[in-house]
Structure formats: C-alpha cells, structure tokens
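Observations on the model geometry
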Amino acid sequence: MHIINIEEDRIGLRFGVTKENRLVLLAVTEGKRDRHVSASSEACAQEDGAEAGNEDAFREYAPLEATVTGENCPEDRMGNQLIHTSLAVKLQYERQERRQTEDGAEYVFFLKEEDGKMAVRLHYRFYTDLNVITCYTEAENQGTLPQGLETLTSFSLHGLERGGSMPYEERFRLHLVHNGWQKELQWHAYRLSELGLSASQKPGRYNSTKFISVTNTGAWSTKQYLPLGILEDDETGRYLAWQIEHNGSWHWEIGEHAGQLYLKAAGPTEQYAHWYKELKPGETFVSVPAAVAYGCGDAQDAVRSLTAYRRRIRRENEDNRRMPVIFNDYMNCLWGNPTTEEELPLIDMAAACGCEYYCIDCGWYSAGEWWGNVGEWLPSEERFPKTEAFPEGLKSLLAYIRQKGMVPGLWLELEVMGLNCPLAKEKPDEWFFVRHGKRVREKTRYQLDYRNPEVREFASGVIRRLVEDYGVGYIKMDYNIEPGIGTQQNADSAGDGLLEHQRAYLSWLDGIFAKYPELVIENCGSGGMRMDYAMLRRHSVQSTSDMEDYRMYATIAVNAPLALTPEQAAVWSYPLNADDAEETIFNMVNVLLLRIHQSGHLFRLGKTCQDLIREAVSWYQATREDRREAVPFWPLGFGTYYDEWTALGMKGEKKSYLAVWRRGGEQISCVLPLPEYAGTGVRVRCAYPSEQPVDFTWDETKGELTVFFRNAFMARLFELTQ
C-alpha cells in the first residue's frame, strides 16, 4: 500500500492507496505543529510500515459512502448501516491536489469508476492554527444515462479504536447534546455499551446490524439533538469531535464493521430523510459540509477547538465584535401583545439600563390574534395608532427607539405564511411546500419555498421596506413550524426539495447580508430549534431557548458554548419580582458571559433590582472586549438540568471570568477545581454584584475556589486576575 501523509499545521490525515487502486482513509492524526517529534514520529513510522504491509486489514477504510440506485451493495453489508455502499467499493483513485487558501490549504482527492459513469471528489479544508478540518464530497455523473443517488457522506472514518488496547466499551465516552423546545442543550456522556453497542464477538471480527445513530429529519435541524458528537478516548487522552453544518436533515452513526469501529457523517439520505437525487449526465451533487476536530485532551478541549473554528468560519460582522446588549419585549413580558402604550415605559427603562438594541417581538402586524395572519408584514394601526406624538404609528415608535440611543428591531417569520393571510389565497401552489398534491399545513401556517425566485423577491422586499423605510437595524427572524420531510413539487424526492429549499434560503440570506452588512438578524427557531452552523456561519446572534424559568436557564447558559461561540449565544434575562434582589442577580449572571437578551417589565422593579441590572449591563460592557475571544471552561463539567451547583468560565486575554450558580439542595458550599491557576498568584474577587458579595476562599496551592451560597437559589460572577 502506498501511504499518503498530509500534515497541515495542527491536524493531519493519513491515506493509503491499495494495490487494487482504492483510496482508504487510515487515520486522523496530529499535525506537524502538535506532533511530539521523538515519540509520535516513531509511532507514525511504525504505523505506516504496518499499513503498507497489511492491505487486507485496511480494505474497508473507505473515505466516503455513496449509494447509487440499482447498484449492488456487497454481501458483508449489514442492515441499514452507511457502510460498504455500492459506489464506494467501486471507486478508483486518480490523483490529488493541494490548493492554497486564504487561511490554510484544501486537499482534493479525485476518484472515478472504472466504467467512467460516476466520479467523486473528496474535499478536506485545513486552517492555519486550528486542529479542525472541513469536509465535503462532490459526486458527478460523467456517464450518458441518469444515475440515482441515495446516500453521500461528508466524512467517513474507520478504525476509531486503533492505537489502544482497552475494550472499546471501557475506553470511549461519547458526548451527545440532546435538544428540545424549552429543553435545549442537555448534555450527557455515555459509554458505548450504554447505547447498546457492546463487543460480543472476537476482537477483529466485530460486525453487527446494531449501531449508534443520531438523526434529524426536517427543517428544525436541532429539535432533538445538536448535529454534534465528541468521542473521548480515556486510554490515549485524545478526542475526535464532529459537527454537521446543515439547516435541515442530517445523520451520523457509529458502528462495527469488518472488525473495527467506524464513524459516518452525512446530510439527508433516502433511508433517514426521504432524500433521493437523480443526477443527469454532467450534473454534480455536493454534500453538506461537516467539521472534524482531533487533538490531545478531553471533551472540554474539543469544545474549545470547535469554538476557535466557529469563530474562523462565520461571516465577519460588527455585531460579534461589539456584542451590544439586546432588549426584547417578549419573554415573560408582553408575550406578543405589543402596543404603543405598552412599549413606551419599556423603551425608556431599557435605554436607562444601557440596552443598545430594542426589538419589538411578534404581534406588531396584526390586531388581536395574530398567529395565523402572518405573511403581509404591515403594521397594525390598531396596536400602533397614528397620533400627534406618533404621527406615523409604528414607524414613529421605531424612530423614538432610535432617539433613545438604541437600534430598533422587529420580529419576522419570513419562511412561512399564515393560513389566514390574504396573500396565501392569492399566491399559487408554486410558492409553497406541496406533498401528495396538497400544500403542507403546519400549525396554521404554510411553508414558503425559497427555490421560487418570486418568494425570494417578496422576502427581499419585506426586508428592504423595514430597513430603508422604517429604519430597522435588528430583525429577530423566527421559525415556528416543522414542515416535515420536505416538498415533492419540482423535486426528485421530498428530501431533495427540502435540501434545495434550505440551500436557497441560505443563498438568500447571503444576499441580504451583502446588501445590508450592518443589519443584525437573530436566528430563532422557537428558541434553539435551528442552532446549526449553516445558519450560524451567517447569523451573529442565536436565540438559545424559549425557557421561561430563569433557574432552569442556568443550564442552557452553562452549556451554550457547546453549541456556538459565546458571543453569538443570546440568553434571556427577565427579573419579575419587584424586590427580590437574588432573583435579579441570578437572571443577570445567566447572561453576563454570553449575549444579554434582556426582557421583563423592568420599570415595575424596585430601585435595588433596577440598580442591579444597570450594574450588570455596565460590567458586561466594560469587559466585553476582553471576552470577545475568550475560551470557555467548566470547573464542574458540563451542566445538566438536575445539577444543584453548576459553573461556566471564560478565559480572556486580561482576566478569567467565572459564573457560579446554586440551584437548590442542602449543600451551602461548593469547591471549584481550577488547577491551571494554582501557584500563579491569581487574585480572585466577586465582581458582580459588587455590593452583595458572598464568602469564598481561594487555595493558591491546590488551585481550588470554595464559594458559600446561603440561599437555595443564588448566583455570582467572579473575576480572576493575574
């Protein structure tokens, strides 16, 4: 076997070309910067020799999986696994290219069937200073007849357990993040046996129909899980992490095949998302991108690597640089019932507290019940009447917000149209998702189809009117339906229609940001139902939840950096009780290390609580420049909803910041291990609130911070300065 070693800075890939001229991906490796020359180079050389001399052991290490309709999958394929697929076993290696990019390099491997019908190009993009790569696959029909494509992976790796000797049930921990409406960001770690994958056969003969799979089908990309996994190797002290960057259907799985564990990551497939694509001669299909991180350390190190990568790939924007404070009138406040009268005291108080964006949420376009009326996006004169003080109704109120020193914003849901919207009756079926000859109806809305240029033109017109005529600088873009598997209209399959719609929507977004680069569009899907990096490459702000209980929101805040960069994670704060200082403090600590999404009837609070909000906003604004590139850490580990104590830290250039929460239980003290600060001379102080500190001790020798919270529900923010 001919070995191809690729090393770019901090991550590498090792390929082989067999005597049958098949390309195999042997391993993800350390890059040339991270390799320990004495030990790792020798180990790598030994592996290279073993691989070159034992081709049969690595024959199944296909770097992709692809199923073509009507083609045979060989006999050793088991069940519905994405392994040993019909096209993958037939592809021949042709060549590879290295292409220099602005911030790294991209490698492209060219593969082709012997009969010349199908060709595949594998893309692996490396980034300077990052141990993360982006992967995707292109499949092209170079034949003379149409070819049906049922599966195409973005990343494929066999031999996950190579380099160790422990049984995989004891060796690996798989970190998953469950998600759900008002249940976002539920982290859990599992031994593979806890998910039903146990070695029951002799080593080297593992083969089973059982595998671990995590799948999303539909347009809410994170309604049950984040498209993310972290495999932590307790034996070697390394991790492998991956995220699928798609705003629709996706799938990944870990299983046994040919005596080895494998990982496959893909977008939609026919088996799991009703996706089928017919490629006409000369046509090419491109898979959704996936990112893969590899390095020394544990799951926290994996998240920090992904954080750096996410910052690298997202759209450059002023919002993430400045991190302004957002006020939104919805959560535990107006609940979608805005009027001029209700808004005025909120606007005045938000400005007095230092907020910089002010967003009027849903309901502004319709008197009374508004849910099924969405779609025209014209302001309600009943809610915002024209008066002497506000001669242009809502438009004048938005101008008032700007006069108060804040950027005005409005809520939109531009991917749907209500069943009661007059436009929905006027527009043809080509504007909407259609299955089995009928429009898809979900929660009293129709799903618009962004493949239709008229739909995109209509949506662009709404944005133009709000930005140019109304002076809107912030849009909360919500998405409150799940239209299911997709649309059959003008598509090879329902899943194909959904995928092309999702890509058309992303392209439309790109055009909007190109035209209005200063416009901030918050990504909201009933909270965190679309928290993926197809959307977050573009959006600077993400709604993390619709959680109404501030005590439960602490878990969402703690785990937010698992899903996205801290400066993109908007967390609600909504103090409700006029004189409950601890409630206000808890709410504000929830948001101080992320993005403040302030709400609540602040003008009804007592002076002490109002002052606590002002102090929190002031601290946030004074420290945000240092926190803009801060990296997260978790002294107590990732959070769960049943934690009595939880904590999130951010290590900035000048200081480290640590939020600590107590949530019930009998234990009034908590020890937070901070071993990297032991013996460093670090100074610790309770930074918020400054006038209501708590008792704590700092053990310089052990690197342990012990805090004492007397109340059952309390939170404080600490600063560590060297």
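Below is a summary of the structure that appears in this document. (Residues numbered from 1 in each chain as written. Predicted model: local features only at pLDDT ≥ 70, side-chain atom pairs only at ≥ 80, totals over all residues. Heavy atoms only, no water.)

Our focus in this paragraph is the overall build of the chain. Each helix and strand in the chain was counted, giving 14 helices and 40 strands. Compactness check: the chain gives a C-alpha radius of gyration of 27 Å against a globular reference of 27 Å for 722 residues, within 12% of the reference. With respect to the principal axes defined by its C-alpha atoms, the chain has extents near 80 × 70 × 45 Å. With an accessible surface of roughly 25700 Å², the chain has 46% of that area assigned to carbon and sulfur atoms. Computing the positive centroid from 79 side-chain charges and the negative centroid from 106, the chain places the two 1 Å apart. (Helix = DSSP H or I, 4+ residues; strand = E, 2+ residues; numbered from the N terminus. Rg over C-alpha atoms; globule rule 2.2 N^0.38 Å. Areas by Shrake-Rupley, 256 points an atom, 1.4 Å probe, with all protein chains shown as cover. Lys, Arg positive; Asp, Glu negative; His and termini not counted. Charge placed at Lys NZ, Arg CZ, Asp CG, Glu CD.)

Looking now at the sheet that holds strand S29 (residues 520-523). In spatial order, the strands read S20-S21-S22-S28-S29-S30-S31-S32; together these eight strands close into a barrel with parallel pairing. Looking at each pair of strands side by side, their axes are set apart by 30° on average, direction ignored. Here strand S20 (residues 326-328) pairs with strand S32 (residues 595-598) via two bridges, running parallel. Following the sheet pairing, Phe327 is matched in S32 by Gln598. Against the sheet, helix H7 (residues 340-352) contacts S20 and strand S21 (357-360), and its axis sits at roughly 160° relative to S21. (Pairing = 2+ DSSP bridges. Axes fitted to C-alpha atoms, helices over the stretch in contact; angles between N-to-C directions. Contact = heavy atoms within 4.5 Å.)

Before going further, it helps to spend a moment on unusual backbone geometry. In this model, Tyr688 is joined to Pro689 through a cis peptide bond whose omega is -5°. Mapped onto the secondary structure, Pro689 falls in the loop between strand S37 (683-688) and strand S38 (695-699). Positive phi, normally seen in glycine, also occurs at Asp9, with a value near 70°. Judged by relative accessible area, Asp9 falls into the buried class, the value being 14%. (Buried < 20%, exposed > 50% of the residue type's maximum accessible area, 1.4 Å probe, protein only.)

Attention now goes to the nonpolar core. Core analysis: the biggest nonpolar cluster contains 142 residues, and Trp364, Trp377, Leu412, Leu414, Ile463 and Trp508 have the highest contact counts within it. For this core, the element with the highest residue contribution is helix H12 (residues 550-563), accounting for nine residues. Every residue in contact with Trp508, bar those within four places of it in the chain, is listed here: Leu414, Tyr450, Arg456, Ala459, Ser460, Ile463 and Met477. Grouped together as the second largest cluster of nonpolar side chains are 59 residues, Leu157, Tyr206, Phe285 and Tyr294 included. (Core = buried A, V, L, I, M, F, W, Y, C linked by side-chain atoms within 4.5 Å.)

Our focus in this paragraph is the pattern of salt bridges. A full pass over the atoms with the stated rule returns 47 salt bridges. Here Asp449 and Arg451 are joined by a salt bridge, their closest N and O atoms 2.6 Å apart. Asp449 gets classed as buried once you look at its relative accessible area, which sits at 2%. The exposure class of Arg451 is partly exposed, given its relative accessible area of 21%. For Arg614, the salt bridge identified is with Asp611, shortest N-O distance 3.2 Å. Here Asp611 and Arg614 lie together in helix H14 (residues 607-627), a separation of three residues that amounts to about one turn. Given a relative accessible area of 30%, Arg614 falls into the partly exposed group. Asp611 sits in the partly exposed class, given a relative accessible area of 31%. Connected through shared salt-bridge partners, Glu71, Lys90, Glu113, Asp115 and Lys117 make up one network. (Salt bridge = Lys/Arg side-chain N within 4 Å of Asp/Glu carboxyl O.)

Bringing the sheet that holds strand S36 (residues 669-673) into the picture now. The strand order across the open sheet built from three strands is S36-S39-S38, with neighbouring strands paired in antiparallel fashion. The sheet is open, and its two edges are formed by S36 and S38, each paired on a single side. Strand-to-strand twist in this sheet, taken as the mean axis angle between neighbours without regard to direction, amounts to 15°. Pairing analysis gives five bridges linking S38 to strand S39 (residues 704-708), with the strands arranged antiparallel. Note that in S39 the partner of Trp698 across the bridge is Leu705.

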